[in-house]
Amino acid sequence: SQELEQSPQSLIVQEGKNLTINCTSSKTLYGLYWYKQKYGEGLIFLMMLQKGGEEKSHEKITAKLDEKKQQSSLHITASQPSHAGIYLCGADFWGSGNKLVFGAGTILRVKS
Amino acid sequence: DAGITQSPRHKVTETGTPVTLRCHQTENHRYMYWYRQDPGHGLRLIHYSYGVKDTDKGEVSDGYSVSRSKTEDFLLTLESATSSQTSVYFCAIAVYGDTQYFGPGTRLTVL
């Protein structure tokens, strides 16, 4: 969606390195969802952010939402092969959480 | 596991034939969604439902219809399949205002 831009489109990192994926909105977000997808499988929910400046972590993955609520970043510390997959951000622009607009996704490969 | 199944998981069909995909949930959630996923486009919403017999269109609804006669089942129908509808289709469920959880997907090829 042009309303939601993800960068980079793809990323190859050496195992153990840190990386960041960005999700930028053209409008203020009511909520921002991060999902991970392995090839050929469904999406797995990672985290949801709602408040400006909010930050959440799960294991080695940290997601942040900026104060203006228009940009979110997903940071992976000390990447592992298990982190490989497609990361998608989904935006709630309406405040209901019932309709999400997704970015095009970021393909992450981790080299051992 | 969010209790969502999709059937079939893979289907190959010919242009012009009707196709129905099924999404089944065991959680009794009110909201159900159909998305398609294509390279470079991420996920795009086709239709969604907010209750039995209550449905609404999404971003890419042309060529698709849906039905929900029971809480647990949400059907997506391609009345006359076209090659542009070759895609991976995902169903999702949600409680109002809450996180969407996705099924395993159906890979559809229209020849």
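Attention in this report is confined to the structure presented alongside it.

Analysis parameters
Residues numbered from 1 in each chain as written. Chains lettered and ligands numbered in written order. Predicted model: local features only at pLDDT ≥ 70, side-chain atom pairs only at ≥ 80, totals over all residues. Heavy atoms only, no water. Contact = heavy atoms within 4.5 Å. Buried area = accessible area lost by both parts, 1.4 Å probe. Salt bridge = Lys/Arg side-chain N within 4 Å of Asp/Glu carboxyl O. Polar contact = N/O pair within 3.5 Å; in protein donor to acceptor, adjacent residues only side chain to side chain. Helix = DSSP H or I, 4+ residues; strand = E, 2+ residues; numbered from the N terminus. Nonpolar A, V, L, I, M, F, W, Y, C, P; charged D, E, K, R; others polar. Pairing = 2+ DSSP bridges. Axes fitted to C-alpha atoms, helices over the stretch in contact; angles between N-to-C directions.

Topic: the interface of chain A and chain B
The interface of chain A with chain B comprises 19 residues on the first partner and 23 residues on the second. Of the roughly 1,600 Å² buried between chain A and chain B, counting both surfaces, carbon and sulfur atoms make up 52%. The largest contributions to the chain A side of the interface with chain B come from A:Leu43, A:Asn98 and A:Phe102, which together make up 32% of the buried area. Connecting chain A to chain B are zero salt bridges. Linking chain A with chain B are two residue pairs in polar contact (both at pLDDT 80 or more). Looking at which element gives the most residues to the side of chain A that touches chain B, the answer is strand S4 (residues 31–37) of chain A, with three residues. The residue makeup of the side of chain A that touches chain B, split by class, is nine nonpolar, eight polar and two charged.

Some thoughts on the sheet that holds strand S3 (residues 19–25) of chain A
All names here are of chain A. Reading across the sheet, the five strands line up as S1-S3-S8-S7-S6 and stay open at both edges, with antiparallel pairing between neighbours. Because the sheet does not close on itself, it has two edges, and the strands there are strand S1 (4–7) and strand S6 (55–58). When the angles between neighbouring strand axes are averaged without regard to direction, this sheet yields 15°. Where strand S7 (residues 61–65) and strand S8 (residues 71–76) come together, five bridges link them in antiparallel fashion. For threonine 62, the partnering residue across the bridge sits in S8 and is histidine 75.

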